[in-house]
Amino acid sequence: MHDAPSADEPLAGAKEPLSAGLKQRHLTMLGLGGVIGAGLFVGSGAGISVAGPGIIVSYLIAGALAMLVMRMLGELSSAMPASGSFSVHAERALGRWAGFTVGWLYWFLLVIVLAVEATAAAQIAHGWVPGMPQWAWVLVFMVVFTTANLTAVKNFGEFEFWFAALKIGAILLFLGLSLLAIFGLLPDTEAVGMSNLTGQGGFLPNGWHGVISGVLAVAFAFGGLEVVTIAAAESEDPERAVGRAVRSAVWRILFFYVGSMLVIVTLLPWSSLKPGQSPYVAVLDHIGVPSAGQIMQIVIFVALLSALNANLYGSSRMVFSLAERGEAPRTLLKVSLGGVPVRAVLASVAFGFASVVLNLYWPDSIFRYLLNSVGAVLLFVWGLVAASQLRLRRRIEREMPERLTLRMWCFPYLTWAALAGMAGVLVLMVMDEGARPQLMWSAAATGAVLAVAGLRELRLRRTERSGR
């Protein structure tokens with residue numbers, strides 16, 4: 001059990017009580033596959049519909065922002081590995097209110113998104129086995145992944161390793177087939193040239209406004225990168241493992257995303273791709289892959305289960321870290337003999353299951369408001385990550401420079417650039433009618449958590465003064 005770290009305490013911190021069951025290969029694949037989900041396989045169609053071939057630029061911009069945040073997270077987590085990751089860093093850099101706020105906001109985000117993923121995976125499974133109701137599939141998924149997370153952290157690592165391997169293998173196969181089709185090397189195909197990139201209104205058919213709208217459509221698809229820094233605290237060599245995972249992940253993830261978009265808009269006219277439909281399925285159908293829809297449905301199903309598993313893990317570790325620092329009920333600190341925070345896992349899955357029930361019965365009312373309330377939370381979390389890195393980098397250089405094994409590029413200029421980019425996305429959300437409700441509800445949720453953090457801080461300060 002750790003007390004809440006103050007800004008004046010040494011940065012090294014206490015040893016984590018959780019097990020060190022994650023291997024380097026687990027973290028590497030988690031970093032590569034944790035961010036590849038339904039947002040890429042299906043959601044990318046919405047970005048293409050507004051940006052056309054310019055979606056390549058949209059992904060470059062959004063991916064660059066995500067890479068900068070990941071680099072900042074990697075720097076801090078390799079120097080100060082903790083199960084609460086950026087929540088602990090925010091607390092050390094900005095104060096208890098910041099650690100409390102970012103920790104609870106991120107936990108809330110994960111358990112709400114968990115409900116979306118469980119429901120979507122259940123819908124796919126119900127289509128395959130109509131005799132089994134959707135709610136029963138949700139129950140099966142929750143039981144399986146709760147059990148996996150309760151037994152040992154290495155089970156989570158193994159699930160994510162093979163899930164990530166399948167997703168990465170699918171993307172590599174997709175890119176390989178698409179390149180062969182582009183150059184006319186597959187049966188019954190001809191080289192497509194540049195016609196789809198420059199035709200249909202040109203490379204930027206909707207101008208730079210379309211590119212910016214595309215950024216807004218795809219920016220949140222990069223959410224999930226953060227979990228690898230949370231998992232680093234349970235690896236065999238946290239200081240080195242997270243650095244290696246970050247280095248191997250950021251460029252390859254950008255390659256998967258941008259590479260996929262490049263071959264998609266090269267092979268197909270962008271105007272033929274519709275929001276809500278997978279552009280991957282459209283490409284595979286175009287080049288004549290049998291049962292392309294079913295193949296991608298399996299890949300999307302695996303991606304959803306992978307995200308569900310990762311979110312359950314990440315939410316349990318975040319609330320455990322909050323409990324360690326006295327910012328969540330102390331009862332959540334129960335750790336099994338195998339080093340698993342049992343009650344934190346059960347608390348996260350319980351709230352996640354309640355969210356699933358809301359999604360099943362009131363998808364257009366209660367659950368929609370909950371989902372809107374986390375729509376922009378990721379940006380608020382990223383903003384606090386950048387602010388924490390600005391404050392802590394100098395302290396790390398003074399107190400323990402030997403731990404700076406992974407450094408943020410061009411510090412502090414790129415950190416400020418990332419903050420400016422996040423502010424820009426928030427401005428875009430204000431201007432966009434479709435995104436504005438998400439921003440407003442997310443701001444309200446953030447304001448509520450900040451209010452609780454402020455009241456709690458006042459109470460703690462009174463207690464500290466009275467105890468002197």
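Above this text is the structure in question.
In this report, we go over the structure that sits alongside the text. (Residues numbered from 1 in each chain as written. Predicted model: local features only at pLDDT ≥ 70, side-chain atom pairs only at ≥ 80, totals over all residues. Heavy atoms only, no water.)

**Thoughts on the overall build of the protein**
Moving on, step 1. Scanning the protein from terminus to terminus reveals 19 helices and zero strands.
Moving on, step 2. Whereas a compact globule of 468 residues would reach a radius of gyration of roughly 23 Å, the protein reaches 22 Å, a difference of no more than 12%.
Moving on, step 3. On the principal axes, the C-alpha backbone points of the protein span a range of 80 × 55 × 40 Å.
Moving on, step 4. Of the contacts formed within the protein by residues at least 6 apart in sequence, a portion of 81% connects residues at least 24 apart.
Moving on, step 5. For the protein, the exposed surface amounts to about 18,700 Å²; the carbon and sulfur share of it is 66%.
Moving on, step 6. Computed over 33 positive and 27 negative side-chain charges, the separation of the two mean positions in the protein equals 7 Å. (Helix = DSSP H or I, 4+ residues; strand = E, 2+ residues; numbered from the N terminus. Rg over C-alpha atoms; globule rule 2.2 N^0.38 Å. Contact = heavy atoms within 4.5 Å. Areas by Shrake-Rupley, 256 points an atom, 1.4 Å probe, with all protein chains shown as cover. Lys, Arg positive; Asp, Glu negative; His and termini not counted. Charge placed at Lys NZ, Arg CZ, Asp CG, Glu CD.)

**Here's the deal with the environment of glycine 157**
Moving on, step 1. Tracing the chain through its elements places glycine 157 in helix α8 (residues 153-182).
Moving on, step 2. Look at glycine 157 and you get buried, because its relative accessible area is 3%.
Moving on, step 3. Spatially, the C-alpha atom of glycine 157 lies 5.3 Å from that of histidine 26, the residues being 131 residues apart in sequence.
Moving on, step 4. Each residue touching glycine 157, except ones within four places of it in the same chain, is listed here: Leu22 and His26. (Buried < 20%, exposed > 50% of the residue type's maximum accessible area, 1.4 Å probe, protein only.)

**Quick notes on unusual backbone geometry**
Moving on, step 1. Along the chain, phenylalanine 411 connects to proline 412 via a cis peptide bond; the corresponding omega equals 0°.
Moving on, step 2. Checked against the element boundaries, proline 412 lands in the loop between α17 (377-399) and α18 (413-431).
Moving on, step 3. Even without glycine at this site, glutamine 200 takes up a positive phi of about 55°.
Moving on, step 4. Along the polypeptide, glutamine 200 turns up in the loop between α9 (195-198) and α10 (207-218).

**Some points on the packing of aromatic side chains**
Moving on, step 1. Applying the stated criterion across every chain, the model contains 20 aromatic pairs.
Moving on, step 2. Relative to phenylalanine 351, the ring of phenylalanine 108 lies with its centre 6.4 Å away and its plane at 70°, an arrangement referred to as edge-to-face. In this pair, phenylalanine 108 is assigned in helix α6 (residues 96-128) and phenylalanine 351 in helix α15 (residues 342-361), connecting sequence segments 243 residues apart.
Moving on, step 3. Here phenylalanine 351 falls in the partly exposed class, since its relative accessible area comes to 34%.
Moving on, step 4. Note on phenylalanine 156 and tyrosine 313: the rings are 4.0 Å apart at their centroids and 5° apart in plane angle, and the pair reads as stacked. Of this pair, phenylalanine 156 sits in helix α8 while tyrosine 313 sits in helix α14 (residues 292-324); the two residues are 157 residues apart in sequence, bridging distant segments of the chain.
Moving on, step 5. Judged by relative accessible area, which is 2%, phenylalanine 156 ranks as buried.
Moving on, step 6. For tyrosine 313, a relative accessible area of 0% gives the class buried.
Moving on, step 7. In textbook terms, an aromatic cluster arises when at least three aromatic residues are bridged by ring pairs, as seen for Phe100, Trp104, Trp107, Phe108 and Phe351.
Moving on, step 8. It is arginine 25 that lies over the ring of phenylalanine 161; its NZ or CZ is 4.7 Å from the centre. (Phe/Tyr/Trp six-rings, centres within 6.5 Å; stacked < 30°, edge-to-face > 60°. Lys NZ or Arg CZ within 6 Å of the ring centre and 35° of its normal.)

**Points about the pattern of salt bridges**
Moving on, step 1. Taken as a whole and assessed by the stated rule, the structure comprises eleven salt bridges.
Moving on, step 2. When the shortest N-O distance is used, the salt bridge between arginine 25 and glutamate 158 registers 2.4 Å. Placement of the pair is arginine 25 in helix α1 (residues 24-33) and glutamate 158 in helix α8, with a sequence separation of 133 residues.
Moving on, step 3. In this structure arginine 25 comes out as partly exposed when scored by relative accessible area, which is 35%.
Moving on, step 4. Residue classification places glutamate 158 among the partly exposed positions, given a relative accessible area of 25%.
Moving on, step 5. Where arginine 393 meets glutamate 397, a salt bridge forms, and the shortest distance between an N and an O atom there is 3.0 Å. Here the residue arginine 393 and the residue glutamate 397 both occupy positions in helix α17, the gap between them amounting to four residues, near one helical turn. (Salt bridge = Lys/Arg side-chain N within 4 Å of Asp/Glu carboxyl O.)

**Overview of a nonpolar patch on the surface**
Moving on, step 1. Judged by side-chain polarity, Trp135, Leu139, Val143 and Phe353 come together as a nonpolar surface patch covering roughly 380 Å² of accessible area.
Moving on, step 2. The biggest single contributor to the nonpolar patch is helix α7 (residues 134-151), with three residues.
Moving on, step 3. By the secondary structure assignment, phenylalanine 353 is in helix α15.
Moving on, step 4. A relative accessible area of 31% means that phenylalanine 353 is categorised as partly exposed. (Patch = residues over 30% accessible without salt bridge, like charges linked within 9 Å, V, L, I, M, F, W, Y side chains within 5 Å.)

**Looking at the side chain of serine 44**
Moving on, step 1. Along the polypeptide, serine 44 turns up in helix α3 (residues 44-51).
Moving on, step 2. Of the residues examined, serine 44 reaches a relative accessible area of 0% and is grouped as buried.
Moving on, step 3. In this structure, serine 44 is in contact with Gly39, Tyr59, Met261, Pro279 and Tyr280, ignoring residues within four places of it in sequence.

Scope: geometric values only; no functional claims are made or implied.
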